Amino acid sequence: METKLNQIVIAAETAIKGAQSIHELMNLKSEYIGKKSEVMNVMKTLGSLSPEERPAVGKIINIAKQKIEALIDEKENDLKEKEYLKTLQDSKLDMGMPGYAIQYGSLHPLTIVWREIEDIFISMGFDIAEGYDIEDEFHNFDALNTPEDHPSRNLADTFYIKDDVLLRTQTSTVQIRTMEKYQPPIKIISPGRCYRNDRPDASHSPAFHQVEALVVDENITFQDLRDTLNTFVKKMFGSHMKSRFRPHFFPFTEPSAEIDISCVNCGGKGCAICKNSGWLEMGGAGMVDPNVLNKLGIDAEKYSGFAFGLGIDRITILKYNIPGLRILYENDIRFLKQFTFNN
Ligand code: PHE
């Protein structure tokens, strides 16, 4: 019987190795180890053997069956792999074709300029201070010497959240917050978002951005203010650029001035953008009012300081020649995509 089983195994091996498809292989499986196979027929004869003979013979049959099963499994894997490779070939899938390139986003132009401003001031020895978008009247108005009846406190100009709580209208709030916390020497800038109840147009947006600067130390003069601003303007727009001051009034600086820079479009000759003046308005500035210093516990006899606030939105549209503020807030992908050069 053992020889007979060996012959079956050898015959099965030849047949299985020659199988060309899974279908053919499955037929061989039932032929050699299926219910009606010769191996099973031998198995059925076990019953007629004596109990002593049975285990040994049973073992021989099982080994033969396992050999055939192993051969079938091996062939099945082999055929499946071949079938898979054939499908790949037939489907004309080109494994060498380049994939899709990942589309990178770009920084918003305001972010690009915001970071550039920070870099310039850091290189001049400034620290970056942060304030709050939601403020109280004390930090936005009172501490900045703003009279009770000042028009900017009006509901029509300022967004109030409730009685004493508002969206800050200027980054000058950070002057106060910094001086409350630190004694001189102080040398900070603070870029951030501000809010005013303005109707949106080419030069107004209810939310906009300013960068505040505050320097307080012994012997700080108006000349330091001029030098700092001039250096910034040249680093930001190019060495040919100039800045100038026009007398103005702010409640928290004395003297105060408005800052102009030479027109980025015509270089100062006069054009439509600068309304033929050769200058563009950039923000406000002045020497910190001694009243403000004293109220915050900084000795105005010993210390003096300057402050200025510039419009980041304005700097951005001038730097990139963008026609008006509005497009900065519209999230138009065709506009934003043009700033990928900065990635
Ligand atoms: N906060 C002022 C404004 O928004 C600008 C300013 C800042 C003026 C600092 C003087 C000093 O108009």
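Trainee: Help me get a handle on the sheet that holds strand β2 (residues 134–136), residues and values and all.
Mentor: With antiparallel pairing, the three strands of this open sheet are ordered in space as β2-β4-β3. Pairing within the sheet leaves two strands with one partner each, and these edge strands are β2 and β3 (160–162). Between one strand and the next, the sheet's axes are offset by a mean angle of 35°, whatever the strand orientation. In this structure, β2 lies alongside strand β4 (residues 165–167), joined through three bridges in antiparallel fashion. Looking across to β4, one finds that D136 is bridged to V165.

Trainee: A description of the sheet that holds strand β5 (residues 186–195) should follow, citing residues and the corresponding values.
Mentor: Read from one edge of the open sheet, seven strands run β1-β5-β6-β10-β9-β8-β7, paired in mixed fashion. Each edge of the open sheet carries a strand with a single partner, namely β1 (127–128) and β7 (243–250). Bridge analysis of β1 against β5 gives two bridges, and the strand direction is parallel. Among the inter-strand pairings, D127 is bridged to a residue of β5, identified as I188. Contacting β1, β5, β6 (207–217) and β10 (304–311), helix α5 (residues 109–123) runs over the sheet at an angle of about 165° to β5.

Trainee: Give a detailed account of the site of the ligand, specifying residues and quantitative values.
Mentor: Not every one of the 14 residues close to the ligand is listed here, only the nearest: Q170, S172, R196, Q210 and E212. One of the side-chain N or O atoms of Q170 is found 2.8 Å from a nitrogen atom in the ligand. In the environment of the ligand, an oxygen atom lies 3.0 Å from a nitrogen or oxygen atom belonging to the side chain of R196. Here the ligand has 320 Å² of accessible area as a free molecule, and 91% of this is covered by the chains. Contributions of two or more residues to the shell around the ligand are made by β6, β9 (279–288) and β10. Looking at side-chain class alone, the shell around the ligand contains five nonpolar, seven polar and two charged residues.

Trainee: Account for the side chain of E118, naming residues and giving values.
Mentor: Mapped onto the elements of the fold, E118 is located in helix α5. No salt bridge is formed by the buried E118. Its closest oppositely charged neighbour is R115, at 6.5 Å. The contacts of E118, once residues within four sequence positions are left out, are I128, I189 and P191.

Trainee: Quick one: what's the story with the environment of I317, residue by residue and with numbers?
Mentor: For I317, the position within the fold is in helix α10 (residues 312–319). Sequence separation between I317 and P109 is 208 residues; the distance between their C-alpha atoms is 8.8 Å. Once you skip the residues sitting within four places of it in the chain, I317 turns out to touch I322, G324, L325 and L328.

Trainee: An account of the packing of helix α1 (residues 2–18) against helix α2 (residues 22–33) is requested, with residue identities and associated values reported.
Mentor: For the pair α1 and α2, the least separation of the axes is 9 Å and the interaxial angle reads 170°. When the interaxial angle is binned, α1 and α2 end up roughly antiparallel. Contacts from I8, A11, A12, A15, I16 and G18 in α1 reach E24, L25, L28 and Y32 in α2. Across the contact of α1 with α2, the residue classes tally to eight nonpolar, one polar and one charged.

Definitions and cut-offs
- Residues numbered from 1 in each chain as written.
- Predicted model: local features only at pLDDT ≥ 70, side-chain atom pairs only at ≥ 80, totals over all residues.
- Heavy atoms only, no water.
- Pairing = 2+ DSSP bridges.
- Helix = DSSP H or I, 4+ residues; strand = E, 2+ residues; numbered from the N terminus.
- Axes fitted to C-alpha atoms, helices over the stretch in contact; angles between N-to-C directions.
- Contact = heavy atoms within 4.5 Å.
- Near = heavy atom within 4 Å.
- Polar contact = N/O pair within 3.5 Å; in protein donor to acceptor, adjacent residues only side chain to side chain.
- Areas by Shrake-Rupley, 256 points an atom, 1.4 Å probe, with all protein chains shown as cover.
- Nonpolar A, V, L, I, M, F, W, Y, C, P; charged D, E, K, R; others polar.
- Buried < 20%, exposed > 50% of the residue type's maximum accessible area, 1.4 Å probe, protein only.
- Lys, Arg positive; Asp, Glu negative; His and termini not counted.
- Salt bridge = Lys/Arg side-chain N within 4 Å of Asp/Glu carboxyl O.
- Parallel < 35°, antiparallel > 145°, perpendicular 65-115°, else oblique.

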